[in-house]
Amino acid sequence: MNSSANKSRTLWLDYLRTFITVLVVAHHSSLAYTTFASFDKNAYINSTNPIVDAKRWIGLDIFENFNDIFFMFLMFFISGLFVFKSIESKGTLVFIKDRAMRLFFPFLIIGTIAMLIAYYPSYYVAHNNWNIIDYIIDFFTTEQWPVGPPWFIWVLFTFNILLSGIYVLLRNSLIKLADKFNSLENRPALFFTLFFILMWVLYVPIAYNIGAGTWTGYGPFDFQLSRILAYFGFFIFGVIVGKSDYINRLFSDKSRIIKQWKYWMLFSILLYTAITINNESAFLYTLVTTNKVSEFSAWMIYYSFYVACCVTSCIAFISIFRLFIKKSNSSWDSLSSNAYLIYLIHYIFIVWGQFLLLEVNLHAAIKFLLVFSFSLFASWVISIALRRVNFIKKYL
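Residues numbered from 1 in each chain as written. Predicted model: local features only at pLDDT ≥ 70, side-chain atom pairs only at ≥ 80, totals over all residues. Heavy atoms only, no water.

Colleague: How do you make sense of the layout of surface pockets when you look at a structure like this?
Modeller: Where empty space is left becomes clear once a probe the size of a water molecule has been rolled over the atoms. The computed volume of the largest pocket comes to approximately 1,400 Å³. Around the largest pocket, the lining is made up of 49 residues, and of these Ser47, Thr48, Gly213, Trp215 and Gln224 lie nearest the centre. Contributing elements (two or more residues each) for the lining of the largest pocket: helix H1 (4–30), helix H2 (58–80), strand S1 (215–218), strand S2 (221–224), helix H11 (261–281), helix H13 (295–324) and helix H15 (339–356). Ranked by residues supplied to the lining of the largest pocket, first place goes to H2 with 6 residues. A breakdown of the residues in the lining of the largest pocket according to their chemical character gives 28 nonpolar, 16 polar and 5 charged. Asp14, Arg17, Phe82, Arg102 and Ser336 are, among the 35 residues lining the second largest pocket, the residues nearest its centre. Contributing elements (two or more residues each) for the lining of the second largest pocket: H1, H2, helix H3 (83–90), helix H4 (92–118), helix H7 (151–181), helix H14 (330–337), H15 and helix H17 (390–395). (1 Å grid on protein atoms, 1.4 Å probe; cavity = no way out; pocket = protein on both sides within 12 Å on 5 of 7 lines; lining within 4 Å. Points joined across faces, edges and corners; volume = space filled by probe spheres on them. Helix = DSSP H or I, 4+ residues; strand = E, 2+ residues; numbered from the N terminus. Nonpolar A, V, L, I, M, F, W, Y, C, P; charged D, E, K, R; others polar.)

As structure tokens, then:
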């Protein structure tokens, strides 16, 4: 990009994607200190986190649960924005090769090495044993090759390959849909409704029938079964929006969708507050047990609030970053350039940081801040060092 104007058009998206990466680091840093954390010594992969501390704080439950509602959905949406133009500029075969080099091989190689280093303390906590051979055997057998945070990368790679495979068949339809989305710039209610229906249809029936937290997979190819269609829906939605003139129309700073950021954030907070109050008070559960509401109706109410919170949160953060990110910042530029590698390796520092603080008598919130700060800084510094290698810098 040669002009500052062009830079400003993508700067907010770069920073938004980077912000989500930082949220991912914070999210994983909090999981050792939530009130619902549990550790399974027989197979630590079944634990809520590789390390579980005796220090807990409900404030981190609220923080972690809010992230979980929206941030990976938004990451898939953002990832989809660039796919259509990338296929058209590179061609399908070159695009697939590029995706394999940038996504699949880093996931399989760097992801596996990073997880082998990251989960070592978990093995020790479970077995009181530092024997590295025993650990590696357990890692690939009992734990079945834990994927950790890089699950997102292989799933994103699969979505890219699926789209490239049907690109020729869907191209004209996607272009027509993209053109229609340009007309929604001043129709925020309709945009929200379409977004809401998309997620509701692809998420709620599956979550209701198999459970909202159900995972499946083989070896490192693990994924959240209850969300996989919704993730793909957000990705395709991003692909369609990415083909439109979203910078100057749908997500322009003059679009009503963007200008109403305060309402999106307000609704997001209100919806999440309602969800949190229900979770803490078991309000809907009480209505079910007293036969005032059927179990099915209670679930539909809950999931509808959940979906609405996800969608409003996604739109809120898109709006805030689009409206307020106007100038670049050197620190954010560096963080943005290194965000992908940070995502790949941050779990090492999180798990080891949580392990080293296990016996330290500090409040859970302080431990969280220490782990988060250490993990972000360490993975950032190492990423900068690794990206001095031209081959790594080219793809990561």
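Colleague: Just checking my understanding: could you explain the environment of phenylalanine 107 for this structure?
Modeller: Of note, phenylalanine 107 is situated in helix H4. Under the relative-accessibility criterion, phenylalanine 107 is labelled buried at 2%. Those residues within four positions of phenylalanine 107 in sequence are excluded, and the remaining contacts are Thr112, Val147, Pro150, Ile153, Trp154, Pro220 and Phe221. (Buried < 20%, exposed > 50% of the residue type's maximum accessible area, 1.4 Å probe, protein only. Contact = heavy atoms within 4.5 Å.)

Colleague: Mind showing me how you'd approach empty space enclosed by the protein here?
Modeller: Summed over all chains, the structure comprises 1 cavity of 30 Å³ or more. The space that makes up the largest cavity amounts to roughly 40 Å³. In this structure, the largest cavity is lined by Phe107, Gly111, Thr112, Met115, Trp145, Pro146, Val147, Pro150 and Pro220. The residue inventory of the lining of the largest cavity, partitioned by class, reads 7 nonpolar, 2 polar and no charged.

Colleague: Is there a simple way to think about the environment of tryptophan 299 in this case?
Modeller: By secondary structure assignment, the location of tryptophan 299 is in helix H13. With a relative accessible area of 34%, tryptophan 299 lands in the partly exposed category. Put simply, tryptophan 299 and tyrosine 285 are 14 residues apart on the chain and 9.3 Å apart in space, counted from C-alpha to C-alpha.

Colleague: Explain the packing of H2 against helix H9 (residues 228–243) to me, please; I cannot follow it from the model alone.
Modeller: If you want to describe how two helices pack, look at the angle between their axes and the distance between the axes. Their axes nearest at 6 Å, the elements H2 and H9 cross at an angle of 35 degrees. Judged by the sense of rotation from one axis to the other, the crossing of H2 with H9 is right-handed. Here Met72, Phe73, Phe76, Phe77, Ser79 and Gly80 of H2 come into contact with H9, specifically with Ala230, Tyr231, Phe234, Phe235, Phe237, Gly238, Val239 and Val241. Here the contact of H2 with H9 is composed, by residue class, of 11 nonpolar, 3 polar and no charged. (Axes fitted to C-alpha atoms, helices over the stretch in contact; angles between N-to-C directions. Left-handed = near helix turned anticlockwise from the far one by under 90°.)

Colleague: Would you mind going over the confidence of the model for the chain with me for this structure?
Modeller: In this model, the chain carries an average pLDDT of 93, and 98% of its residues clear a pLDDT of 70 or more. Low pLDDT (under 50) marks residues 1–8, which in the prediction has 4 contacts with non-local residues, meaning those over four places away or in another chain. (pLDDT = per-residue confidence, 0-100.)

Colleague: I would appreciate a short explanation of a nonpolar patch on the surface in the present structure.
Modeller: A cluster of nonpolar residues, Ile132, Ile133, Ile136, Ile137 and Phe140, forms a patch on the protein surface that exposes about 440 Å² of accessible area. Along the chain, isoleucine 133 falls in helix H6 (residues 132–140). (Patch = residues over 30% accessible without salt bridge, like charges linked within 9 Å, V, L, I, M, F, W, Y side chains within 5 Å. Areas by Shrake-Rupley, 256 points an atom, 1.4 Å probe, with all protein chains shown as cover. Salt bridge = Lys/Arg side-chain N within 4 Å of Asp/Glu carboxyl O.)

Colleague: How should the pairing of S1 be read in this particular structure?
Modeller: It is a general feature of regular strands that their side chains alternate between the two faces of the sheet. Direction of pairing for S1 relative to S2: antiparallel, over a ladder of 4 bridges. Along S2, the bridge assignment pairs glycine 217 with aspartate 222. Counted between consecutive antiparallel strands, the loop separating S1 from S2 contains 2 residues, among which glycine 219 sits at a positive phi close to 60 degrees. (Pairing = 2+ DSSP bridges.)

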